[in-house]
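# Reading the structure
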Amino acid sequence: MALDEGPRSCLLRVRHRLEQDMKPSYIMDHMITDGVLTVDEEEKIRTRATRKDQAAALLELMLRKDNRTYISFYNALIKETYDDLASLLHADLPRTSPTAYKSFPDGYTPYVRTVLSEGGVPQRPVVFVSRPELLNRVREKLYQLQKEPGWVTIFGMAGSGKSVLAAEAARYHSLIEECFPGGIHWLSIGQLDKPDLLVKIQSLCFRLEQELDPQLHHRPPNSLDEAKERMRFLMLRRYPRSLLILDDIWDTSVLKAFDIQCRILLTTRNRSLVDSVSGAKYEVEVASGLDEKKGLEILALYTNRKMHGLPEEARSIVKECKGSPLVVSLIGALLKEKPDRWHYYLRQLQQKQFKRIRKSSSYDYDALDQAMAASIEVLPEEHRELYKDFTVLEKDIKVPAKVLSILWDLPIEEVEDILEEFANKSLLFMDTNNKPYLYYLHDLQLDFLIEQNRNEIESLHTKIVLQYQQYYRDGHPTSGDEECQYWIRFLTDHMAKANLTQELYSLMFSLDWVTVKSQVMSPAHLINDYIAHGPILDKENSDVRSQFQEFLSLNGHQLEHRPDVVQLALSEPLTSEVYRQARMQALQQSSRGKLFFDWLNKNCVENLSLLVIHPHQGSLYSACFSHDGSKIASCGASKSLKMFKSTSGEKLMELQAHDDEVLCCAFSPDDHLIATCSSDRKVKVWNVERAMIIRVFEEEHEEQINHCQFTNTTRRLLLATCSNDKFLNVKLWNLNKPSSQNTMFGHFEPVNHCCFSPDDAIISTCSNDGTVKLFQTSSANEWQTINVKDLFEGDEEVLVKCSTWTADGKRIACAARNGVWVFDIETADMLFEVRTNRLSMVQYCQACPTSNLLAIAYSNYGVELWDLESNKKMADCSGHLSWVQRLQFSPDGSQLLSCSDDQTVRLWETKKVHTSSSVRLKRDSAVIFSDEEMIVSAADYCNRLQVHDGRKGQLLFQSEEMSSRIRCTCLSRQLSAVAFGQDDGTVQVLEVPSGKLLASLKGHTKTVFHCQFIENGQTLLTSSEDATIRVWSWQSGDCKVLQGHKEQVRCFSLLSNLPTESTLLSWSFDGTVKVWDVKSGQKLQDIDAHRGAILSCHVSPDRSLFTTTSADKTAKVWHCETWDCVHTLKGHSECVRSCMFSWDGRRIATGDDNGEIRLWSVKDGSLLKICSREGKDGMDSLHGGWVTDLHFSPDNSLLVSTGGYIKWWDVERGEALQTFYPKGLALKKIHVSPDFSTFVTVDNIGILYILKRVTP
């Protein structure tokens, strides 16, 4: 609707005055909140250079909008005290017409239909009667959400019509227009586990993002925390005044996922659930079902009669139905077809002959049983049998007709007709917002079917499995549509309930199934299957079950990339069934040209968890060491606190600690006490020895308490707690006082974490407001604020999860989104970011109290150890099967504890995991390939040079620990010698395998970056940070110095690999290339090549051309005779870091720091291909990091590249053919055998990879 003429004229008339005086940034914040201005529109306006230009752009935009925008703008001026400007607009304020939608019943306008359809709100039932009193009460509460976020709860018995009431309350024009212009969004919840809840939120986020921009494709969030943050951003920033309707909530853990300070209407049977969330709360009770009048109205509508014309049995029928809309509808549908059976159906209701053997729900409805039995009885016999099949459906699951078409072996059209008949008889419900339609039963209807068919349940599940196997005998579906998702999600459940154990074994012990399910569903669902069906699978083979489960848990984060599962499984141990199947499939598929690579030396990496404890049923939220390290305490969703020996896992104590989930536990410094805090808003302190409660603090926190911690010393024992309270959210407690000693003021959003500095002088707090605050413990005064949110661009909210102090108390690390940042506490300056390079969210981080180690837990179930001094990842701690919630080092730093939603606590030996049993090497390595052997040399993390036989996996030689860091190495095939350069400029040559020192060469004054033997090993070339290249006759010690570069020379290259070659190219950070005669030491040519540092260079196979790449984002091709620039290759958006000619000299490949690879024509310098962008994500580069190395295959058809991982490409099509994911990151170089069959590299945590192409 366009802006009225009056307001339009007014804006044009006073435009100059508005542009001169107002600050548009403040005004736009209010307009976004009102939902009349989008964030994208705001960003475009903010790009204007001056405040006046921004004001002009805002007014120009308003002229294209509607009356609501004008009113919002006027109100914003008032709120920002621009009263003089607002007065100019007042006279022309649009008058909203109350008659605009009077012609539509109940305000159900076309606009409302569109809004509700887009939001997935269910349509009215086939026969609908209004309940105006209840409806008005719900709408009255919803109007309360106009000014602030909050919760409106509709609660009542099962079958009382809560869902219909919620949908009908939203079906009102003025309510949407005034309160929820951002839309109404419906989500059916039911009884969910965490993987299913994640899928629900993923689908909501996808729907919201598609409404904003159908072309937008975000990676789906892969943890509940990430999903909650994405949902929060969408609901608060993109849809700031919208209503989220949650239908059929069962437990608090699900509800908490939606505690994001937005406007929510929910239906539930348990009114107390909302006590666990924060914000304003309103409720409407559906105390009973329909009154007599409404029940009669339904019967009248079904039988097409006037109410006064109903027979006398009608009132008795309504009475027997006990007000249940569901039961009245079932009877009404029966009477619609048999209008002369009033007395018959009344008698059936009164006889109560269908008594349940046991209750399947928390409510038992005799009337429903009679109505359901009667409704089924009138179905044709063949349809009765079909309806029985609904017994095997899960509650709250909607299925498409295609699933039932397969189950019933009927054409889809016939199935749809049968389903419509069921719906007309109120035996079934249809979700018409989806195309194709989805069908489902009410929980109580399913309860009835389960009881009536309890002796046939196994056979019914068997039927659905057999029908699936018959229909999909050629392979599982992979389309990803609703029908495919149903089968892939529930097939294993059907097999388990059918007692088809052999079929279940065959399916779940199959790599094919893992491949399909990982493509269609999230990794969480797949892992959950092995946990849920573990007892059944273990009867067949517990080893195989654990092998599949471990494979999935260790690679869950890789499955997010949708990798080739067979390739991923080839990294499993040789004894694993997973590897056996992968090897067999790889051999079969490689015969058809598919690429696979076996990791030959994978036995060097072990899973190193020291102890695994299964303390609780349900998710674990917290676990901690006692200060003497002898005990571990844990708590979680089970509401209990448990304690174990840290050496053996033996249980020492168990307490039912709280009335709701226990979110944190912490020992006092003398280990005599342990504190717990909970969603029940209570803090409790327990005597450890006697397992008795000694103190309860329950009055002051009004929302869930997220974290608690004692001071580190007993000098002045205090307990800190933090909560979801809006204002009074951080408190200090003296255990000798009945109330809190101090409250810290400063955060105005929930506080997630609090912890004391090592000396207890400062307490740090982390909040959803995007800050870390430091308070003085003694005074409770705010001392410092660290604005973590300032590190992020855009307007998404930044939730700071936790903080941790370094051992010296001078720095603090905090976790937000997918990163960890380290700050100086005195200045609040950010010192550095721990570059995790992960798609996954950081769940928690903990600094070691005795070293520089930092432990980080991710939403992809992984745990990593980082060194804070070098900012390098040191180790992976893999093994958890679900989200890791908490980490803690033991007081002496020797062990690390992690607890997870997979119901386990794992202990890791820090030193063992840190050093690992694998060969930990530096990435600067050298390799010699031959038919008989493959020799690898590299320095290890103890600064010793190691030489390995790669084929046999043997260590041939290991030097003594060197005093200066080894920075490069090279091997001489002819002389069985190895050379290496060091940080202090020294170059040494050793005999292999004896280790005898053959030469120690001194001359370089700074770090030696590169070395290479030439002339059959007689001459050694080295380059250095001192800007020189040296040519050593190393056996005599003679040396020529090639001088001329002004900055460091990281590498060089001979024009060819011929033994007689004497022409050398060198390149430098000074942007020049120099050409030398190695024998004479003479400089032949000086080329001013680039404006930025030169990062790589490669000579064409025929020695006629060479190419250079630079930090100036270009690559150049040069002629080797004229030394002229032939082509300048432009197009990369980041530093171009690597390059390579194809063996036929027709192509050049270049790779940049954004992970992009480009293929160019050598002939004319034109761009041939940009290698596939599939899999690119906003938080990740194409290659998981810089493209650091490139190699063509001898036939020029394939290209291998390194970055965060290794990729093989089809050169002609520019498509990725295979990807190998290392344990670590940041691969620097890859060595390739002449036949392109073997590949050697080292990752940043020191693991050596020798990959061999699988061939039949």
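In this text the structure is predicted, and so the values were computed from the model without any measurement. (Residues numbered from 1 in each chain as written. Predicted model: local features only at pLDDT ≥ 70, side-chain atom pairs only at ≥ 80, totals over all residues. Heavy atoms only, no water.)

### Remarks on the UniProt feature "repeat: WD" (unreviewed entry) in the protein chain
The UniProt record marks residues 655-696, 744-785, 877-918, 1001-1042, 1042-1086, 1087-1128 and 1129-1170 with the feature "repeat: WD" (unreviewed entry), using the residue numbering of this structure. Along residues 1042-1086, the helical share is 0% and the strand share 47%, with 12 Å between the first and last C-alpha atoms. Helix makes up 0% of residues 1129-1170 and strand 52%, whereas the separation of the span's terminal C-alpha atoms amounts to 13 Å. (UniProt positions renumbered as here; feature names shortened; annotations may be inferred. Helix = DSSP H or I, 4+ residues; strand = E, 2+ residues; numbered from the N terminus.)

### Some details on the packing of aromatic side chains
A complete count under the given rule lists 28 aromatic pairs for this structure. Geometrically, the ring pair formed by Phe390 and Phe422 is edge-to-face, given 6.1 Å between the ring centres and 75° between the ring planes. Of this pair, Phe390 sits in the loop between helix H19 (381-388) and strand S6 (399-400) while Phe422 sits in helix H21 (residues 412-424); the two residues are 32 residues apart in sequence, bridging distant segments of the chain. Arranged with centres 6.2 Å apart and planes meeting at 50°, the rings of Phe1106 and Trp1123 form a pair that is tilted. Remark: Trp1123 occurs in the loop between strand S56 (1115-1119) and strand S57 (1125-1129) and Phe1106 occurs in strand S55 (residues 1105-1110); sequence separation between them is 17 residues. Here the two residues Phe1106 and Trp1123 agree in accessibility, since each one is buried. (Phe/Tyr/Trp six-rings, centres within 6.5 Å; stacked < 30°, edge-to-face > 60°. Buried < 20%, exposed > 50% of the residue type's maximum accessible area, 1.4 Å probe, protein only.)

### Comments concerning the sheet that holds strand S28 (residues 811-816)
Judged by pairing direction, the sheet is antiparallel, and its four strands sit side by side in the order S27-S28-S29-S30 without closing on themselves. Two strands in the sheet have a free side with no partner beyond their single neighbour: strand S27 (800-805) and strand S30 (830-834). Strand-to-strand, the axes of this sheet are offset by a mean angle of 20°, without reference to chain direction. Examined bridge by bridge, S27 and S28 share five bridges and lie antiparallel to one another. (Pairing = 2+ DSSP bridges. Axes fitted to C-alpha atoms, helices over the stretch in contact; angles between N-to-C directions.)

### Looking at the sheet that holds strand S60 (residues 1157-1161)
With respect to topology, four strands assemble into an open sheet ordered S58-S59-S60-S61, the strand pairing being antiparallel. Strands with a single pairing partner mark the edges of an open sheet, and in this sheet they are strand S58 (1136-1141) and strand S61 (1167-1170). Ignoring which end each strand starts from, the neighbouring axes of this sheet average 20° apart. Here S58 pairs with strand S59 (residues 1147-1152) via five bridges, running antiparallel. What sits directly across from Val1136, in S59, is Asp1152.

### What about helix H6 (residues 83-90)?
All buried positions along H6 are accounted for by Leu85, Ala86 and Leu89. What you see down the axis of H6 is that its buried residues fit within an arc of 100°, all on one side. (Arc of directions from axis to C-beta.)

### Observations regarding a nonpolar patch on the surface
There is a patch of nonpolar side chains on the surface, built from Phe727, Leu728, Phe745 and Phe748 and spanning about 430 Å² of accessible area. Tracing the backbone shows Phe748 in the loop between strand S22 (742-744) and strand S23 (751-756). On the basis of relative accessibility, which here comes to 49%, the residue Phe748 falls in the partly exposed class. (Patch = residues over 30% accessible without salt bridge, like charges linked within 9 Å, V, L, I, M, F, W, Y side chains within 5 Å. Areas by Shrake-Rupley, 256 points an atom, 1.4 Å probe, with all protein chains shown as cover. Salt bridge = Lys/Arg side-chain N within 4 Å of Asp/Glu carboxyl O.)

### Quick notes on the confidence of the model for the protein chain
Of the residues in the protein chain, 94% reach a pLDDT of 70 or more, and the chain-wide mean stands at 87. A low-confidence stretch, residues 96-104 stays under pLDDT 50, and its non-local contacts, those more than four residues away or across chains, total eight contacts. Per-residue pLDDT stays below 50 along residues 1175-1180; that stretch engages in 13 contacts with residues further than four places along the chain or on separate chains. (pLDDT = per-residue confidence, 0-100. Contact = heavy atoms within 4.5 Å.)

### What about the pairing of strand S16 (residues 673-678)?
The buried fraction of S16 amounts to six of the six residues, a majority that puts the element mostly inside the structure. Of the two faces of S16, both are covered, the one formed by Leu673, Ala675 and Cys677 as well as the one formed by Ile674, Thr676 and Ser678. In the sheet, strand S15 (residues 662-667) pairs with S16 via five bridges, with the strands oriented antiparallel. Residue Val662 lies in a different strand from S16, and its bridge partner there is Ser678. The hairpin formed by S15 and S16 contains five residues between the paired strands, and Asp671 there has a positive phi angle of roughly 65°. Pairing of S16 with strand S17 (residues 683-687) involves five bridges; the strand directions are antiparallel.

### A look at the pattern of salt bridges
Two side chains that carry opposite charge are able to pair once their charged atoms sit near each other. Counting across every chain of the model gives 54 salt bridges. The residue Asp196 makes a salt bridge to Arg489 at a minimum N-O spacing of 2.7 Å. Of this pair, Asp196 sits in helix H11 (residues 194-212) while Arg489 sits in helix H24 (residues 482-497), and the two are 293 residues apart along the sequence. A single burial state applies to Asp196 and to Arg489, both of which are buried. Between Glu385 and Lys388 there is a salt bridge; the shortest N-O distance is 3.5 Å. Taken together, the positions of Glu385 and Lys388, both in helix H19 and three residues apart, correspond to about one turn of that helix. Residue class for Lys388 comes out buried when judged on its relative accessible area of 15%. The structure contains a network of salt bridges with shared partners spanning Arg15, Glu19 and Glu60.

### Observations concerning the environment of Leu1105
Here Leu1105 is to be found in strand S55. Residue classification places Leu1105 among the buried residues on the basis of a relative accessible area of 14%. Leu1105 sits 19 residues away from Asp1124 along the chain, and the two C-alpha atoms are 9.8 Å apart.

### Looking at the nonpolar core
Within the largest apolar cluster, 140 residues are counted, with the highest numbers of intra-cluster contacts made by Phe258 and Phe390. Among the elements that line this core, the one with the most residues is helix H16 (residues 325-337), at eight residues. Not counting the four nearest positions on each side in its chain, Phe390 is found in contact with Leu404, Trp408, Leu419, Phe422, Leu428, Leu441, Leu446 and Leu449. Of all hydrophobic cores here, the second largest spans 31 residues; its members include Leu3, Leu11, Ile27 and Leu93. (Core = buried A, V, L, I, M, F, W, Y, C linked by side-chain atoms within 4.5 Å.)

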